[in-house]
Every structure is written in structure tokens, then in C-alpha cells.
Amino acid sequence: MSAWEILCYLLLLAYGLLLIIYYVGWLFIPTRVNSGRFEPKNSFSVIIPARNEAHSIVACIKSIINQNYPISLFEIIVINDHSKDHTELLVQAEIAKYSDYNIRLIASENVGVSEKKACITEARNQSKFEYICLTDA
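Residues numbered from 1 in each chain as written. Predicted model: local features only at pLDDT ≥ 70, side-chain atom pairs only at ≥ 80, totals over all residues. Heavy atoms only, no water.

Looking at unusual backbone geometry
For residues besides glycine, phi is generally negative; the peptide bonds are generally trans as well. Phi is positive for Asn52, close to 55 degrees, though the residue is something other than glycine. Within the secondary structure, Asn52 is located in the loop between β1 (44–50) and α2 (57–65). With a phi close to 55 degrees, His82 is a non-glycine residue in the positive phi region. You can call His82 partly exposed: its relative accessible area is 24%. (Helix = DSSP H or I, 4+ residues; strand = E, 2+ residues; numbered from the N terminus. Buried < 20%, exposed > 50% of the residue type's maximum accessible area, 1.4 Å probe, protein only.)

Brief notes about the packing of α2 against helix α3 (residues 87–97)
Each pair of packed helices gets described by two things: the angle between the helix axes and the distance between those axes. Where α2 meets α3, the axes come as close as 9 Å, and the angle between the chain directions of the two elements is 30 degrees. As judged from the angle between their axes, α2 and α3 are roughly parallel. The chirality of how α2 crosses α3 is right-handed. Contact residues: Ile57, Val58, Ile61 and Lys62 in α2; Thr87, Leu90, Val91, Glu94 and Lys97 in α3. A class-by-class count of the residues in the contact of α2 with α3 yields five nonpolar, one polar and three charged. (Axes fitted to C-alpha atoms, helices over the stretch in contact; angles between N-to-C directions. Parallel < 35°, antiparallel > 145°, perpendicular 65-115°, else oblique. Left-handed = near helix turned anticlockwise from the far one by under 90°. Contact = heavy atoms within 4.5 Å. Nonpolar A, V, L, I, M, F, W, Y, C, P; charged D, E, K, R; others polar.)

What to know about the sheet that holds strand β2 (residues 74–80)
Taken together, four strands build an open sheet; the order of strands is β3-β2-β1-β4 and the sheet is parallel. Looking at which strands have only one partner, the edges of the open sheet turn out to be β3 (103–107) and β4 (131–134). If you compare each strand with its neighbour and ignore which way they point, the axes differ by 25 degrees on average. (Pairing = 2+ DSSP bridges.)

A word on the side chain of Glu94
Along the chain, the position of Glu94 falls in helix α3. For the buried Glu94, no salt bridge exists, and the shortest N-O distance to an oppositely charged side chain is 4.5 Å, to Lys97. Other than its neighbours up to four places away in sequence, Glu94 contacts Val58, Ile61, Lys62 and Ile103. (Lys, Arg positive; Asp, Glu negative; His and termini not counted. Salt bridge = Lys/Arg side-chain N within 4 Å of Asp/Glu carboxyl O.)

A look at the nonpolar core
In summary, soluble globular proteins display a tendency toward joint burial of nonpolar side chains. Counting residues in each nonpolar core, the largest one holds 16 residues, and the members touching the most others are Ile48, Ile57, Ile61, Ile64, Ile76 and Val78. Of all elements in the fold, only β1, α2 and β2 reach the threshold of two or more residues within this core. With five residues, the top contributor of residues to this core is α2. In this structure, Val78 is in contact with Ile48, Ala50, Ile57, Ile61, Val91, Arg104, Leu105 and Ile106, ignoring residues within four places of it in sequence. Ile47, Ile77, Ile79 and Ala123 belong to the second-largest nonpolar core, a separate cluster that totals six residues. (Core = buried A, V, L, I, M, F, W, Y, C linked by side-chain atoms within 4.5 Å.)

The following block contains the structure:
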């Protein structure tokens, strides 16, 4: 056996031992237990700029609503950015369906803005809360 082969076998053995050490260390990491005492305090606005998003806007709104966060601490603002499809009608249906939640629809035509950045800025200006979350439809 040559010196290179011995070196390769030693490196292989060292690597195998290192993997075993990492695995055992991983097993000893304590699991985090939810104490149930978490009380959310931050309030925020979720801004959704939407242009021709009829295929996904309902799923987007539902995914935000399905979060485990108090209803009174967040609002959803959908800003319709000159959609040519029925995005606005779908959002209005979701507003009626989830009347417990604070969901608002802003039509960009009514506020005189036309690009995404301006739509986001306008929604931010109309939001009730200091913090915002921004997502696409």
C-alpha cells in the first residue's frame, strides 16, 4: 500500500468519525417547546399590489388569513393596479366573505397612481399601522 492510499483511508476514516460526531451532537440539541404563553403585540399592515392576479389573489388572501395571529393586530390592503381581469371582483367577494377581518381594497384608478412603486406608497399612506409586510399576489 502506498503512502497516498494510507492517507486517503485515514482521511476517509476521519471524515466518517466527524459525521458520527455531528450526528450525535444533533441528537442532543434540545427541542423547543411552545409554552403557549406567547402574546403577539405588534400590529402591521399586509400590502398586496395586484395587477391581473385573478388566478392567485384569493389563495393569497386566504393564506394570510390562515395565519395564527390575532385579527385585531393586522390588516390586509389589496391595491388593484389597473387590472383588466376580475381581480377586483374576487377581492370584493373575499372582503364580504371574511367580514371579521380588516381587508380593504384600493383601486389605483381612484387615487391616480399607475406603477407598482406608487401603488405600494399609496397603500402605505393609507395603512393604519406603523409596520408593513409586502407580498405579491
